[in-house]
Structure formats: C-alpha cells, structure tokens
Amino acid sequence: MRALESSRVLERVVDAALEAGINHLETAPAYGPAEAFLGDVLAGLAERDPIGRSELVLTSKLLPGSGEGVGLAEGLEQLRASLRRLRLPRLDNLAVHGLNTEAHLAWALRGAGAELLKAAVAEGLVGQVGFSSHGGYDLIETALASGRFSFCSLHLHLFDPERLPLARWALAEGMGVMAISPADKGGRLYDPSPQLVEDCAPFAPLELGYRYLLAAGISTLTLGASRPEDLAWAGRLANSSGPLTPAEREAMAQLTAAGAQRLGVERCGQCRACLPCPSEVPIPALLRLRNLAVGHGMEAYAGERYNLIGRAGHWWEAVDASACLSCGACLPRCPHDLAIPELLADTHHRLAAPPRRRLWG
C-alpha cells in the first residue's frame, strides 16, 4: 500500500522482498493503483524468475460495504476485477477488508457476505478466505470462533498486546495470523524517539518489535515497505522466529521498567477493569497512548493516533478523552486506584491537536 509511485518502484521493493526471503505479498483494491502495479510486477517476475514467482503467496482484500453490505453479484465482480488487475486466474487468499462492526460480522457470517465468500472458494477464484479487523476484542473472538475463516490480520504490537490471546487461539486452531503494521501502527518504530532508543538498547526498537511477535509465533508480519531499504530488518531477522534470547528478554524487561519508572503511580496496567464507561470513553486505549507518550517519549506517535479518534469512521475509536464527564463510575473498579478522570484530561491536553482555523463560514 506504500510503494505506489510506479510499477518500477514496486518492482524494486518486490525484488528486495524476495532477496530477504519474503514469500507473501498482500494488497487491496482500496490501495489506489497497488493491484495494477503488482500485476505488472508479477508478470515481469514470471518471465525473469519463474521459480521465485511460483513461491509467492498472494492476498488481496474486499471491503464489506455499508448498510447490508456488498451483494453476491457485486462482490464477485469486484473480486474478478482484482484478478484482472493482478493478472491472475486465482488468489491464494481473499480477506474481508475491515471486519470492524457488528453489521460487517453479520454480513460475513449470515448475510450476502457469507454467500460471497463461499462462492469465491467454490468457483475456484480464491484458495481460502479470512479477514482483517480494527474492531473490538469480542467481535474478533466471535469471527474467529465462527469457523468461517482460515486466517486473520490483527493489530498485534509490542506496545499493544491486547489481542495476543486471540492470535494464540487462532494459531492453535491452525489459522494463519498476520500482524498489521508492527513498524508504523505499532509505534512508528522506524522513527523512534531518543528515549525509546535508550529504553530498547542495545537493540533497535523496530528489531525488538519484530522479535516480540516472531517469538510469539505470529506467522506473518506486514512490513509496508515503500522502498527496498525498508526491508533491511526483514533480511536480518529472516531466521529469527525462535524464543526470545536472554539478551532480548533483558532488553524487554529494561523497556518495561523504564516506562514504569517514568509513569510512576500513574501507569495504566491495561486490565480493562474500568469498563464499561457510561460515556463510552475507551479508557484503556486512551491511557495506553498516554503511557507511551509519558513513559517512552512517543508523543509523535501517540498524538497521531489520538487525533484520528472520531475522524476515521469504523476504522478507529469514535470517542476521545474530552467525552469524560468525571462521573467516577470507573474509580472503584480500578485495581491500581488511578485518578482516571484526571489522567484522561491530561491525555487530551497532551495529545489533542489544536483546531485548525476554518477558511470559510
């Protein structure tokens, strides 16, 4: 989704991926010209390196749509359009792109989406179906337990391990599990703060982030390369899927201790005991961003994610910390006796971008 300057740029990235030992490419119609560019690259690769091309696993995605969702005929036509752009007779994997809401889940399990996914496999257009999700824990758990899907793509990050139990369950059931954007959405680890670099030493934050997931058994990490150089760590870690080494465990403990020391008694332990909030404030998610900003100097990342709240539809949280009414319902539930309303106010003060001046009206 990032190497979109031209087919030539994407070709260089794919060549670097093959050199690094990568064998899985994921794209989507929603990524602008990505499918068409990748189709050009795959056609050229089949001529230059037929063995390398034959070893590639290819995934594309299909948006579920709004309302009652995409219908059977429309969905099959969208899928065939993807295959035409990719110049393929068949996809290895088709994912529902953003199974984020209860309506999306109903579409995929009982509505037209269920018919569509079944037909895509029956007609030989795809090998297996899965989903990506930015949704809540319970929704993802229901999707995994449904038996409808063979793989999933989840937010699994060094600094956001909430969904790791779901990933472990899926892996134990024989499903493929892909971590969505550990480098970028996982904390902009390719551009770490000086504090974070110090906390992870002697390892690079990005290296530690990748190793955390590999050691947990996650089968695929999305790397989102826009240039060949972005795949350097993939090459270095190509054979590093075993348990964390003693040195890596020591660095992880150092990272945790450094953050805890800076946060002191204000550290949110992410236990979720504070929920549900009467105002629907996603307290743990917001205080996680505060943990990162205060604990590891990750203000740029935390501010970027915080200011997506309410602006990204079903792809992100809808309510930010300003919705807290200081009702106190969360206070007796918190095992750490945190002053949650005050911490939420501080989170908003630290991370909310100033409103832009309107040029009209």
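Right above here is the structure, for reference.
Keep in mind that this is a model prediction, so the values were computed, not measured.

Examining the overall build of the chain
- Of regular secondary structure, the chain possesses 15 helices and seven strands.
- Over its C-alpha atoms the chain spans a radius of gyration of 21 Å, differing by no more than 12% from the 21 Å that the globule rule assigns to 361 residues.
- Along the longest, intermediate and shortest principal axes, the C-alpha atoms of the chain span 60 × 50 × 50 Å.
- In the chain, which comprises 361 residues, the proportion classed as buried is 48%.

Description of helix H6 (residues 112-122)
- What H6 keeps buried is the set Gly-113, Ala-114, Leu-116, Leu-117, Ala-119 and Ala-120.
- Of the surrounding secondary structure, the elements contacted by the buried residues of H6 are strand E2 (57-62), helix H4 (72-86), strand E3 (91-97), helix H5 (102-109) and strand E4 (126-132).

Thoughts on the packing of helix H13 (residues 283-296) against helix H15 (residues 340-351)
- Packing of H13 against H15 brings their axes to within 10 Å, and their N-to-C directions diverge by 60°. Overall, the two elements H13 and H15 adopt an arrangement that is oblique. Taken as a pair, H13 and H15 cross one another with a handedness that is left-handed. Residue-level inspection shows Ile-283, Leu-286, Leu-287, Leu-289, Arg-290, Ala-293 and Val-294 of H13 in contact with H15, the latter providing Ile-340, Leu-343, Leu-344, Asp-346, Thr-347, Arg-350 and Leu-351.
- In terms of residue class, the contact of H13 with H15 is built from 10 nonpolar, one polar and three charged.

Some words on the side chain of Thr-27
- Mapping Thr-27 onto the fold places it in the loop between strand E1 (24-26) and helix H2 (34-48).
- For Thr-27, a relative accessible area of 4% puts it in the buried group.

Some details on the packing of aromatic side chains
- Counted under the stated rule, the structure contains one aromatic pair.
- Centroid distance Phe-131 to Phe-149: 4.9 Å. Interplanar angle 65°. Geometry classified as edge-to-face. One end of the pair, Phe-131, is in strand E4; the other, Phe-149, is in the loop between helix H7 (137-145) and strand E5 (151-154), with 18 residues separating them in the sequence. With respect to class, Phe-131 is no different from Phe-149; both count as buried.
- Seen from the ring of Trp-233, Arg-236 lies directly overhead, with NZ or CZ sitting 4.4 Å from the centre.
- Its guanidinium or amino end placed over the ring of Trp-316, Arg-305 lies 4.4 Å from that ring's centre, counting from NZ or CZ.

Description of the pairing of E4
- The element E4 is largely enclosed, with a buried count of five among its seven residues.
- Bridging between E3 and E4 involves six bridges; their strand directions are parallel. Bridged to Leu-94 within E4 is Val-129.
- Here E4 runs beside E5; their pairing, made up of three bridges, is parallel. Its bridge partner lying in E5, Phe-131 is registered against Cys-152.

What about the environment of Cys-200?
- Within the secondary structure layout, Cys-200 lies in helix H9 (residues 194-200).
- Sequence spacing of Cys-200 and Glu-250 is 50 residues, and the spatial spacing of their C-alpha atoms is 9.5 Å.
- Not counting chain neighbours up to four residues away, the residues in contact with Cys-200 comprise Pro-205, Leu-208, Ala-251, Gln-254 and Leu-255.

Some details on helix H12 (residues 246-263)
- Between its first and last C-alpha, H12 extends 26 Å over 18 residues, near the 26 Å set by a 1.5 Å rise per residue.
- Among all positions of H12, only Glu-248, Ala-251, Met-252, Leu-255, Ala-258, Gly-259 and Leu-263 are buried. Buried residues along H12 cover an arc of 125° about the axis, so they all sit on one side. For H12, the exposed residues lying more than 90 degrees away from the buried face are Pro-246, Glu-250 and Gln-261.
- Considering only its buried residues, H12 is in contact with H9, helix H10 (205-215) and H13.

Focus: the pattern of salt bridges
- This structure, assessed with the given rule, holds 22 salt bridges.
- Linking Arg-85 and Glu-35 is a salt bridge whose minimum nitrogen-to-oxygen distance equals 2.7 Å. On the criterion of sequence distance, the pair formed by Arg-85 in helix H4 and Glu-35 in helix H2 is long-range, its members being 50 residues apart.
- Residue Arg-85 is classed as partly exposed on the basis of its relative accessible area, which comes to 34%.
- With its nearest N and O atoms 4.0 Å apart, the salt bridge here joins Arg-305 to Glu-304.
- A relative accessible area of 8% means that Arg-305 is categorised as buried.
- Given the relative accessible area of 33%, Glu-304 is considered partly exposed.
- Several salt bridges share partner residues, and in doing so they unite Arg-8, Glu-11, Asp-15 and Arg-48 into one network.

A short note on the nonpolar core
- Leu-91, Leu-94, Phe-131, Phe-149, Leu-156, Ile-218 and Ile-283 are the most contacted members of the largest nonpolar core, which has 100 residues in total.
- Sequence-distant contacts of Ile-218, defined by excluding residues within four places in its chain, comprise Leu-156, Leu-164, Ala-167, Leu-171, Val-177, Ala-179 and Leu-213.

Reading the values: rules and limits
- Residues numbered from 1 in each chain as written.
- Predicted model: local features only at pLDDT ≥ 70, side-chain atom pairs only at ≥ 80, totals over all residues.
- Heavy atoms only, no water.
- Helix = DSSP H or I, 4+ residues; strand = E, 2+ residues; numbered from the N terminus.
- Rg over C-alpha atoms; globule rule 2.2 N^0.38 Å.
- Buried < 20%, exposed > 50% of the residue type's maximum accessible area, 1.4 Å probe, protein only.
- Contact = heavy atoms within 4.5 Å.
- Axes fitted to C-alpha atoms, helices over the stretch in contact; angles between N-to-C directions.
- Parallel < 35°, antiparallel > 145°, perpendicular 65-115°, else oblique.
- Left-handed = near helix turned anticlockwise from the far one by under 90°.
- Nonpolar A, V, L, I, M, F, W, Y, C, P; charged D, E, K, R; others polar.
- Phe/Tyr/Trp six-rings, centres within 6.5 Å; stacked < 30°, edge-to-face > 60°.
- Lys NZ or Arg CZ within 6 Å of the ring centre and 35° of its normal.
- Pairing = 2+ DSSP bridges.
- Expected span 1.5 Å × (residues − 1).
- Arc of directions from axis to C-beta.
- Salt bridge = Lys/Arg side-chain N within 4 Å of Asp/Glu carboxyl O.
- Core = buried A, V, L, I, M, F, W, Y, C linked by side-chain atoms within 4.5 Å.

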